[in-house]
Structures are given as C-alpha cells and as structure tokens.
Amino acid sequence: MTTPPLIIGDFQIHWLNGGNFRLDGGTMFGAVPKVLWEKKCKADAINTIPMSNDVLLVKTPDHNIIIDTGLGNKLTEKQLSIFQVTSPWSIVTELIALGLSREDIDLVLLTHCDFDHAGGVVMYDAEGNAELTFPAAVHYVQKTEWEDVEQPCRRAQSTYWPENFELLKKEGQLKIIDGYVEVAPGIKLRHTGGHTRGHQLVELTSKKETTVHLGDLFPTHAHSNPLWIMAYDNFPLEVINLKEEYFRHYREINSWFTFYHDPLVKACKLDELNNINLTWPPA
Ligand SMILES: [Zn+2]
C-alpha cells in the first residue's frame, strides 16, 4: 500500500520502498525487555521483526530531494537471505511512477552512511555496471561521518561498505558539511551524532510548518520513549539525551516526525509526555 504524501506547506513528502527486511527484534530495542517491546512489535519464531527502509522523496517548488537511499540493488544472494529482504529496493520505478527520473533528483541527504541508508547511493545498471543512482545530485554528508567512512572503526567496518562511496568521491558529487547548514530554502541539516559519530537530522520548513527526520535516533513510532534505543547505537547515552532535546524542541513548534524504518507509521506528532497523538497515514 502506498502512503499518501504528507504536505508541509509547499513541500510534498513521499515514502519510497528502499527494500524491506527483517532484523532481530532485540537489537532494535537494546536493553528493553522483550515482554515490553513485543507489545508494539510481534516477533516471529526466530525473533525477527519486519523493518522498512523508506526512502523519503521531498518535492519542493525548486528541488527534488532524496533523504537516505535504502538498501540498493547490489546485495548478493547470500546478503539478501541473511537480511531476509522481503521486498527488494524499487525506488527508481517508484520515482518514474511519480513522473520523475533519476536525473531529476538534485539533492541527496544522507543521515549517516550505514549500508541500510547509503546502499542506494550507487546502483548496478542492467549490465551490472556500478553507477551513481542520482548522477545529477549533490550528496550531503557530515564531516565526522565522512572521516569514519574513510577510516571506519572496528564496528563500522561491517556497516560502511566502500562500494557505496567510491564513485561518489570520484565523480565529484559529494559535499561535506560541518554542523547546522541550510542546503536549500527551508531544508536544513544538523549534526547530531549519537547513532553514529557523524549522524545528522533533516529539518524541513515551509509556510511555518515543519517536519523533522531524526533518522536512526527515532527509527519507528515504537521508539517514542527516549529510553527505548537500539543496540546498534554507538553512543547510547547521547542518543537518550538527543531524543529528549529534539523531541522537546520539535514538539514545541508542532512539528511532524518522519520515519525511515517503520513498516506501518510513516510520521507522527508527539504530546508533552512523548506519547503519539497523531499519525501519518491517519489511524
Ligand atoms: Zn538504520
């Protein structure tokens, strides 16, 4: 089922299928006991839960923007089976259905560079040659994130895959930023850290309406308790503090929060206790 676009002032936000997979439920909820998280997300016999990788397309009057790029089409048969990919990456055909080609995308905003977010930066064409999925787009990454792509720590070596980045640098489509930057009118990137050292959020504002994409700081609606964080977070205490800070800040301006990994809920609003009081699509 396709989610209807969320309208933020003059912006339209669409969710595209970046490849759905299944992950161990425990890893998605860190120290939270299974008896609690399973009330929100039912696990199967081998303890996995369904996860989306929803690529956000933001159409503004002047730009076509992609936020994160999904799993891509470069996974081997073995990887497809390990990650239990249940529906393969199909963002290119979904863009065509929306009247856009790969060349129409002019900005790609990467929250961070784990393979589930950056796997679609480079794709295979019909002959199996690697090429940039969005050849005309400037790709934005935070400075500390790129430092870690170039020299990953022991843990990041298994999630930052060189084949997702080599072409980006070679073809000059990479833009490294540092901190809080407005990359186009109403489109801001802000360094957060927490999940990875160089993780960033995306803030979209048009006609006094705002939505924020907190990336892997707020992966699904089931993570609205600031203490419910993933075992994948590299700096867990930072994530808890960042969630409290950004939930408060964006709640106060009545912002939407959009999701990347949620199979059901694509965006929500939070009340002052961080309970969800509105969802997209509407419940
Ligand atoms: Zn992720």
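Residues numbered from 1 in each chain as written. Predicted model: local features only at pLDDT ≥ 70, side-chain atom pairs only at ≥ 80, totals over all residues.

A. Representation of the overall build of the chain. Helices and strands together make up the secondary structure of the chain, namely eight helices and 18 strands. Taking 2.2 N^0.38 as the reference for a compact globule, 283 residues should give roughly 19 Å; the C-alpha atoms of the chain span a radius of gyration of 18 Å, in line with that estimate. The dimensions of the chain, computed from C-alpha atoms along their principal axes, are 50 × 45 × 35 Å. Here the chain, with 283 residues, has 43% of them falling under the buried criterion. Sequence separation of at least 24 residues holds for 69% of the intrachain contacts in the chain that already meet a minimum separation of 6. (Helix = DSSP H or I, 4+ residues; strand = E, 2+ residues; numbered from the N terminus. Rg over C-alpha atoms; globule rule 2.2 N^0.38 Å. Buried ≥ 20, exposed ≤ 12 C-beta atoms within 10 Å, placed from the backbone. Contact = placed C-beta atoms within 7 Å.)

B. Region of the structure containing the sheet that holds strand β7 (residues 107–109). Taken together, the seven strands give an open sheet; going across it, the order is β1-β2-β5-β6-β7-β10-β11, and neighbouring strands pair in mixed fashion. The open sheet has two edge strands with one neighbour each: β1 (6–8) and β11 (174–177). When the angles between neighbouring strand axes are averaged without regard to direction, this sheet yields 25°. Both β7 and strand β10 (residues 138–142) contribute to a ladder of three bridges, which runs parallel. Counterpart to Leu-109 in the pairing with β10 is Tyr-140. (Pairing = 2+ DSSP bridges. Axes fitted to C-alpha atoms, helices over the stretch in contact; angles between N-to-C directions.)

C. View of the sheet that holds strand β12 (residues 180–184). Ordered in space as β12-β13-β14-β15-β16-β17-β18, the seven strands form an open sheet in which the pairing is mixed. Here the strands that pair on one side only, and so sit at the sheet edges, are β12 and β18 (276–280). Each strand axis lies, on average, 25° off the axis of its neighbour in the sheet, ignoring direction. With three bridges connecting them, strand β15 (residues 209–213) and strand β16 (residues 256–258) associate as parallel partners.

Bear in mind that shape data such as this cannot, by itself, settle questions of function.
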